[in-house]
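Next come the chains, spelled out residue by residue.
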Amino acid sequence: MRVKLEDVCERGSSNIKQSDIIKMSGNYPIYGASGLAGKVNFYHQEQPYVAVVKDGAGIGRTTLNPAKSSVIGTMQYLIPKKNVLPEYLFYVVSYMHLEKYYTGATIPHIYFKDYKNKEFNLDNIEKQLEIIDVLGRCKKVIEARKQELVELDSLTKARFVEMFGDCTNMISLSELCLIITDGTHQSPKFQHDGIPFILVSNLSKNTVTYDTDKFISAETYKELYKRTPIEIGDILLSTVGSYGHPAVVVEDRKFLFQRHIAYLKPKSDILNSYYMHGALLSPGCQRQIEEKVKGIAQKTLNLSEIRKIRIPVPSLDLQKQYADFVHQVNKSKVAVQKALDETQILFDSLMQKYFG
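Now for a description of the structure that goes with this document. Fair warning: this is a prediction, and the values are worked out from it, not measured in the lab.

### Description of the packing of aromatic side chains
Describing an aromatic ring pair means giving the distance of the ring centres and the angle of the ring planes. All chains considered together, the criterion is met by 20 aromatic pairs. A centroid spacing of 6.3 Å and a plane angle of 45° characterise the contact between Phe255 and Phe257, whose relative ring orientation is tilted. The same class applies to Phe255 and to Phe257, which are both buried. Ring geometry for Tyr354 against Phe355: centres 6.3 Å apart, planes inclined by 65°, an arrangement best described as edge-to-face. Phe355 sits in the buried class, given a relative accessible area of 1%. Clustering of aromatic rings is evident, with ring pairs tying together Tyr88, Tyr95, Tyr354 and Phe355. Over the face of the ring belonging to Phe325 we find Arg159, whose NZ or CZ atom lies 5.4 Å from the ring centre. If you follow Lys214 out to its NZ or CZ, it ends over the ring of Phe190, 4.9 Å from the centre.

Structural data, given as structure tokens:
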């Protein structure tokens, strides 16, 4: 049966500020855009409900929250009516991708009136239970695969510390790189297709991804490439916002990047690219990065500070041993990622089947 979202839930609001709960304590959870914000001595909702981020960062993000809990004012309650189970409502709202309904540029926001008339397929309670079970099992597999990837990343970090934690031969990046610069400072003319132009978000998982809606022409590429003659084995490092994410260039393809990405070309006779990647992610190096960022509203890692970062430099043979280990772990990550992608495709197709 096709129904509107407002047929299965009621909107609820909160006027609680994050600052209001800083000194509070209690047994009842209160949630914000990033998850659990704290525990307080009161609650707004007696039963489980769906919460949606309605203002600012993470807008449209949907969560299923437990009974006897609350949310802060940047979120809104979607309280299930008797014809829908909370878990079913959660999957329905997740399927709707509410972020696309936002308005406002400086501080984006969405409100219930923006999407309350969105239609979907509503099953009876017995069928809802079946659907919740199927989607729940898929989601558990997805989360397990994601956790495997996290653990594999942790394995390479632990291996780095194990192999090089005692190395005292610390050398600055300025001495280890042929080039340390950043992407173009002039906003190029973008077009609908062509050569990818990537942003800081393309380095968020410490690898280079090329998903972008910004492209440049071959002529623009030829001109900008002079500043950053990027090749396989070079390192990119995010410097603004989500700073401190390094990535090794592993594909022989044309692309360029914004000024908030630093470009490092290691001296191959003394530094292995995969070793350098591991060094930049090591606890010691990440501490240096945290100490060197400037600014409050928008923290930035300047090129002058990047040049001062010091990393341990063991023999090339030891670096290669570490790089070989990383390659083996990366093979496992590829297999896990493939399984994750397949499960995600199944999950998405089921969501379309049930609610589309």
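### Side note on the packing of helix H1 (residues 86-96) against helix H9 (residues 316-355)
Closest axis-to-axis distance for the H1/H9 pair is 10 Å, and the angle between their directions is 105°. Classified by the interaxial angle, the pair formed by H1 and H9 is roughly perpendicular. Contact residues: H1 offers Tyr88, Tyr91, Val92, Ser94 and Tyr95, while H9 offers Phe347, Met351, Gln352 and Phe355.

### Things to note about H1
Buried residues dominate H1, accounting for 8 of its 11 residues. For H1, every residue scored as buried is listed here: Pro86, Tyr88, Leu89, Phe90, Tyr91, Val92, Val93 and Met96. Downstream of H1 by one or two residues, His97 has phi in the positive range, about 50°.

### With respect to the sheet that holds strand E2 (residues 9-13)
To summarise the sheet geometry, strands pair through backbone hydrogen bonds and adopt either a parallel or an antiparallel arrangement. Read across the open sheet, the 4 strands follow the order E2-E8-E5-E6; overall the sheet is antiparallel. Unpaired on one side and paired on the other, E2 and strand E6 (62-65) mark the two borders of the sheet. Strand-to-strand, the axes of this sheet are offset by a mean angle of 30°, without reference to chain direction. Looking at chain direction, strand E5 (residues 49-53) and E6 are connected through 4 bridges and run antiparallel. Bridging across to E6, Val52 finds its partner in Thr62.

### Some details on the side chain of Asn272
Among the structural elements, Asn272 can be located in the loop between strand E17 (261-266) and helix H6 (273-281). Here the side chain of Asn272 touches Tyr274 through a polar contact of 2.8 Å, landing on its backbone nitrogen. Ignoring any residue separated from it by four or fewer positions in sequence, one finds Asn272 in contact with Leu316, Gln319 and Ala323.

### Here we look at the sheet that holds strand E4 (residues 35-40)
Ordered in space as E4-E3-E7, the 3 strands form an open sheet in which the pairing is mixed. For this open sheet the edge positions go to E4 and strand E7 (70-71), each flanked by a neighbour on one side alone. Note that strand E3 (residues 28-32) and E7 share 2 bridges and pair parallel. Bridge pairing links Ile30 to Ser70 in E7.

### Section: the nonpolar core
One recurring pattern in soluble globular proteins: nonpolar side chains tend to sit buried together. One finds Leu5 and Tyr88 to be the most contacted residues of the largest nonpolar core, which totals 38 residues. Ranked by the residues each element gives to this core, the list is headed by H9, at 8 residues. The contact partners of Tyr88, leaving out residues within four places of it in the chain, are Phe120, Asn121, Leu122, Asp123, Gln128, Ile131, Ile132 and Phe355.

### Considerations on the pattern of salt bridges
Evaluation of the coordinates by the stated rule reveals 16 salt bridges. In this structure, Arg227 engages Asp182 in a salt bridge whose closest nitrogen and oxygen atoms are separated by 2.4 Å. Of this pair, Arg227 sits in the loop between helix H5 (218-224) and strand E14 (235-238) while Asp182 sits in strand E11 (residues 177-182), and the two are 45 residues apart along the sequence. We classify Arg227 as partly exposed; its relative accessible area is 38%. Salt bridges linked by common partners bring Glu231, Asp234 and Lys265 together as one network.

Thresholds, definitions, all that
- Residues numbered from 1 in each chain as written.
- Predicted model: local features only at pLDDT ≥ 70, side-chain atom pairs only at ≥ 80, totals over all residues.
- Heavy atoms only, no water.
- Phe/Tyr/Trp six-rings, centres within 6.5 Å; stacked < 30°, edge-to-face > 60°.
- Buried < 20%, exposed > 50% of the residue type's maximum accessible area, 1.4 Å probe, protein only.
- Lys NZ or Arg CZ within 6 Å of the ring centre and 35° of its normal.
- Axes fitted to C-alpha atoms, helices over the stretch in contact; angles between N-to-C directions.
- Helix = DSSP H or I, 4+ residues; strand = E, 2+ residues; numbered from the N terminus.
- Parallel < 35°, antiparallel > 145°, perpendicular 65-115°, else oblique.
- Contact = heavy atoms within 4.5 Å.
- Pairing = 2+ DSSP bridges.
- Polar contact = N/O pair within 3.5 Å; in protein donor to acceptor, adjacent residues only side chain to side chain.
- Core = buried A, V, L, I, M, F, W, Y, C linked by side-chain atoms within 4.5 Å.
- Salt bridge = Lys/Arg side-chain N within 4 Å of Asp/Glu carboxyl O.

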